[in-house]
Amino acid sequence: ALPPQSANAYLCQIYNLTLLCTEDYIVEPQSVQFLVQHGFDFNKQYSQGIPYHKGNDKGNENQSQSVRTFFLELIRAKKPLILHNGLIDLVFLYQCFYAHLPDNLSTFTADLSEMFPAGIYDTKYASEFETRFVASYLEYAYKKCKRENCKLKDSSGEHLTVEFCNYPANMSRYIDYRHCSLEEESHNMGGGNKVPVCEKFSAYGWCPKGVKCPQSHNIDLIIDEDDKLWEEKRKKRKHKWKRRKNAEAPAKAFEQESSGKEVEIAQNGEEGPPRKQSCYEPAAATELAEITPDTEDTPLENATDMELVSSDTTRAAEKEKETHSPPSQGGTHRAGFDAFMTGYIMAYVWMLKKGKSTDAGAAPWLPDCHNKLYLSGKSVPLQIVKSLFSKSSKAHSQKMKLAWASG
C-alpha cells in the first residue's frame, strides 16, 4: 500500500499459505534437509496444508474457496507480478493453480502476458542488468539495496521506507517475526582472527560444503569486500585516465576524456552483467528444463497492494544455488522473508529508476525491467510477450473467461 504522504513509503503485509499437493510427487532429500534446517514444518504441511491439484480445473471450482480461486483473484487484481529468478516460479504457478502447461514456450509467454497485463518483473534480472550489482542472488541483492538506501537516508536524499502492521496480541501465534538489522551481529566479530570469505558463496550464494565450510558466508563481509574492490578499481581507472590526459596536448583533451569514459564503460561490463570470481560456471539455460516443480507444496505471498511477490520455500534450494550443487545453509530462507526481500529490491529499483524518468506516470511503471525474466547463463532475458505468430492456449482462454465472468 502507498501512503499518500510519500511515494516511496510502503505498508508491507506478507502471507504464508502452506499448501499440500493431492497427487503423488517426488521429493529430493537435499531439498527436504534444506527446508528442515530453515524451520519448515512438514508435520504442519501434511496435517493442515491447503489441498490443491495440478492441471486444468475439475468441475465448477470457481465457486469453491480454493487456491485456484485465490490465484484468479490475483489475476483479476491486474497488479505487477514480482519474482526473483522467476521462470520456475511461473511454470509452477501456472501448472499447479491455473491449467495444464502449453506445449511450447511461445504459447506459455503469450498466456502470461494476458494473465498479468501490468507486467512481470524479475529482481534477479534487475540486480544484474539495471542496478549492475556484482552478485545477484537474493540475499546479496536485498542487503546491497538496503545499504544503499541507508546511505541515501543518511544524506537526506530520496529513499525507501517500509512500515509493518501492528497486530493484536491474540494473533501473535500466527505471526512469525524475523530480526532484520542492517548488518549481521557477527559482521564485525573476530578481530585479528578474521575468517576469509568463501569465494564460491560470495559469487553465487551457495557452497557445496554448506555449514561445514571453514570460510565465511557472511553477506555483509562479502559486500564489504566487493565495495572495497570496486573502489580500488575505480581509483586505478581514474589515475590512468589522468595520466593519459596530462600526456596529451590540450587540443585533444575533450577527445581523450570521451575515450576515457568509453574505456570505463567497457570495464564495467555494459555489454553484459558484471562478473565476480569464476568459481563455477552458471548452469546453462537448457538445464532449467531439468528442474521440475514436482516437489513444491508451499506458499504464495501477497506483499503490497502495488506489487505481488511470489516466493516458494521448497524451491529455495534450486533458486539460490544457481547450479545443481548443494545449497548453502545461511539460515535466512523462509518463504515470507524471501518474498519480503524480493519486494524490497523491486521497490528500491523502482525508486531509483523513476527518479531518472522524464515521465514517471507512463506505463509500464518500470520499462527497463518490464516482462523480462532472467535466464541462467544468458546475457539476454526471456521476453514475456505475445507475438504475432503465437496463439493463447485453449485452457488459458477458458480460464480468462471464467476470471472475468465470476469477477
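About the criteria used
- Residues numbered from 1 in each chain as written.
- Predicted model: local features only at pLDDT ≥ 70, side-chain atom pairs only at ≥ 80, totals over all residues.
- Heavy atoms only, no water.
- UniProt positions renumbered as here; feature names shortened; annotations may be inferred.
- Helix = DSSP H or I, 4+ residues; strand = E, 2+ residues; numbered from the N terminus.
- Buried < 20%, exposed > 50% of the residue type's maximum accessible area, 1.4 Å probe, protein only.
- Contact = heavy atoms within 4.5 Å.
- Areas by Shrake-Rupley, 256 points an atom, 1.4 Å probe, with all protein chains shown as cover.
- Patch = residues over 30% accessible without salt bridge, like charges linked within 9 Å, V, L, I, M, F, W, Y side chains within 5 Å.
- Salt bridge = Lys/Arg side-chain N within 4 Å of Asp/Glu carboxyl O.
- Lys, Arg positive; Asp, Glu negative; His and termini not counted.
- Charge placed at Lys NZ, Arg CZ, Asp CG, Glu CD.

Identification of the protein as TOE1 protein from Ardeotis kori is taken from an unreviewed UniProt entry. Quoted straight from UniProt, the Sequence similarities (unreviewed entry) entry for the protein says "Belongs to the CAF1 family."

*Asks:* Can you tell me about the overall build of the protein, naming the residues and giving the values?
*Replies:* Each helix and strand counted, the protein has 13 helices and nine strands in total. Counting across all 407 residues of the protein, residues that qualify as buried make up 48%. Put simply, 78% of the contacts in the protein that link residues at least 6 apart link residues at least 24 apart. Of the roughly 21400 Å² of accessible surface on the protein, a fraction of 53% belongs to carbon and sulfur atoms.

*Asks:* Provide a residue-level description of the environment of A141, including the pertinent values.
*Replies:* Within the element layout of this structure, A141 appears in helix α7 (residues 138-154). Sequence separation between A141 and M341 is 200 residues; the distance between their C-alpha atoms is 8.4 Å. Contacts of A141, omitting those with residues within four sequence positions, involve S127, F133, S136 and I345.

*Asks:* Provide a residue-level description of a positive patch on the surface, including the pertinent values.
*Replies:* Together, K233, K236, K240, R243 and R244 make up a region of like positive charge exposed at the surface. Within the fold, K236 resides in helix α9 (residues 219-247). Owing to a relative accessible area of 57%, K236 belongs among the exposed residues under this scheme.

*Asks:* I'd like a rundown of the environment of V67, residues and numbers included.
*Replies:* If you trace the backbone, V67 turns up in helix α3 (residues 67-77). Sequence-distant contacts of V67, that is, excluding residues within four places in its chain, are made with L19, I50, P51 and F97.

*Asks:* Give me the lowdown on unusual backbone geometry, citing residues and values where you can.
*Replies:* Excluding glycine, a negative phi dihedral is what most residues carry, and trans is how most peptide bonds are arranged. Positive phi outside glycine occurs at N85, with the angle close to 50°. For N85, the position within the fold is in the loop between β4 (81-83) and α4 (87-97). What makes N85 buried here is its relative accessible area of 15%. Backbone geometry places N371, a non-glycine residue, at a positive phi of 55°. You can see N371 is positioned in the loop between α12 (335-356) and β8 (372-373). Of the residues examined, N371 reaches a relative accessible area of 9% and is grouped as buried.

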